[in-house]
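Structure at a glance
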Amino acid sequence: MIINAKEAFNPDTIERLVLRAQQGDQTAFEQLYQQCYRRVYGLCLRLLADQAHAEDATQEVFVQLWHKIAQFQGQSKFTTWLHSVTSNVAISYLRKQKNWLQKVVSLEDGGMEQAEIMQCQSLNGLDKLILRLPERARLVFVLHAVEGYRHEEVAGMLNMAVGSSKSQFHRARKLLQEWYDNE
């Protein structure tokens, strides 16, 4: 079954693809990949602030998704579950790529360089500003403001105190406002 563009945004279509993929249908999984790739890549890019790492993490999300899709029980929307898997994979990827303790101690580690950000043609103004944020502030901002996690959840995901999550969120908002006002 080939999905046409009209059906692409229909949640029922996604759910049918998930059910078929859970039964081992590789074609359905490929279509699910095509439907969800941009969303997963966008979240990975926002969290990792590096195109190559975002591409690697995105592939890892879909590898894990293939192995874990049977665990999806439909108690929430598939996209909600997918975002949770994506967030966890991206954070895990970040921990593997860099010395996590060093990143936690260093509050001033910046995001992407301006030249790299300009290469991301598909990003809007706010996304480009988010990529400039220091890592911890960016992670908290994306997870809380963009993905809708509560500060308690963000703190648990990032192994930090709830107060630190709130502080980093405030810092991110302040930096984004300054940068936006100066553009």
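Residues numbered from 1 in each chain as written. Predicted model: local features only at pLDDT ≥ 70, side-chain atom pairs only at ≥ 80, totals over all residues. Heavy atoms only, no water.

**Considerations on the pattern of salt bridges**
All chains considered together, the criterion is met by four salt bridges. Between D25 and R20 there is a salt bridge, with its nearest N and O atoms 3.0 Å apart. Residue classification places D25 among the partly exposed positions, given a relative accessible area of 24%. Between R46 and D127 there is a salt bridge, and its shortest N-O distance comes to 2.8 Å. Taken together, the residues span a long stretch of sequence, with R46 in helix α3 (residues 26-48) and D127 in helix α8 (residues 125-132) at a distance of 81 residues. Its relative accessible area of 11% is what places D127 among the buried residues. (Salt bridge = Lys/Arg side-chain N within 4 Å of Asp/Glu carboxyl O. Buried < 20%, exposed > 50% of the residue type's maximum accessible area, 1.4 Å probe, protein only. Helix = DSSP H or I, 4+ residues; strand = E, 2+ residues; numbered from the N terminus.)

**Some words on the packing of aromatic side chains**
Think of a pair of aromatic rings as described by two things: how far the centres are apart, and how the planes are tilted against each other in angle. In this structure the tally under the stated criterion is eight aromatic pairs. Centroid distance Y33 to F62: 4.6 Å. Interplanar angle 70 degrees. Geometry classified as edge-to-face. Remark: F62 occurs in helix α4 (residues 51-68) and Y33 occurs in helix α3; sequence separation between them is 29 residues. In this structure an aromatic cluster arises from ring pairing among Y33, Y37, Y41 and F62. (Phe/Tyr/Trp six-rings, centres within 6.5 Å; stacked < 30°, edge-to-face > 60°.)

**Focus: the confidence of the model for the protein**
Looking at the protein, the pLDDT average stands at 83 and 79% of residues meet or exceed 70. Here residues 1-8 scores under 50 on pLDDT; set against residues more than four positions off or in separate chains, the count is 13 contacts. Every residue in residues 103-109 is under pLDDT 50, and counting partners more than four places away or in other chains gives 12 contacts. (pLDDT = per-residue confidence, 0-100. Contact = heavy atoms within 4.5 Å.)

**Topic: the side chain of H151**
Its place among the elements puts H151 in helix α10 (residues 151-158). Contact partners of H151, with chain neighbours within four places excluded, come to V140, H144, V162, S165, K166 and F169.

**Regarding the packing of helix α9 (residues 135-146) against α10**
Helix-helix packing is described using two parameters, namely the angle between the two axes and the distance between the axes. With their axes 10 Å apart at the nearest point, α9 and α10 run at an angle of 140 degrees to one another. Classified by the angle their axes make, α9 and α10 are oblique. Relative to α10, α9 is oriented so that their crossing is right-handed. Of α10, the residues touching α9 (which contributes L139, V140, L143 and H144) are H151, V154, M157 and L158. Residues that form the contact of α9 with α10 fall into these classes: six nonpolar, two polar and no charged. (Axes fitted to C-alpha atoms, helices over the stretch in contact; angles between N-to-C directions. Parallel < 35°, antiparallel > 145°, perpendicular 65-115°, else oblique. Left-handed = near helix turned anticlockwise from the far one by under 90°. Nonpolar A, V, L, I, M, F, W, Y, C, P; charged D, E, K, R; others polar.)

**Focus on unusual backbone geometry**
Working note: non-glycine residues mostly have negative phi, and peptide bonds are mostly trans. Residues other than glycine seldom take positive phi values, yet A49 does so here, at roughly 55 degrees. With respect to the element layout, A49 can be found in the loop between α3 and α4. A residue is classified by how much of its surface remains accessible, and A49, at 9% relative accessible area, is buried. At N159, a position not held by glycine, the phi torsion is positive, near 55 degrees. Mapped onto the elements of the fold, N159 is located in the loop between α10 and α11 (162-181). Residue N159 is classed as exposed on the basis of its relative accessible area of 56%.

**Looking at the nonpolar core**
Core analysis: the biggest nonpolar cluster contains 53 residues, and L32, F78, L133, L143 and L158 have the highest contact counts within it. Secondary-structure elements contributing two or more residues to this core are α2 (11-22), α3, α4, α5 (78-97), α8, α9, α10 and α11. A total of 11 residues in this core trace back to one element, the largest contributor, which is α3. Once residues lying within four places of it in the same chain are set aside, the contact partners of L32 are I14, L17, V18, I69 and F78. (Core = buried A, V, L, I, M, F, W, Y, C linked by side-chain atoms within 4.5 Å.)

**Observations concerning the packing of α3 against α9**
At a closest axis distance of 8 Å, the pairing of α3 and α9 adopts a crossing angle of 140 degrees. When the interaxial angle is binned, α3 and α9 end up oblique. Listed contacts from α9 to L43, R46, L47 and L48 of α3 are R138, L139, V142, L143 and V146. Broken down by class, the residue content of the contact of α3 with α9 amounts to seven nonpolar, no polar and two charged.

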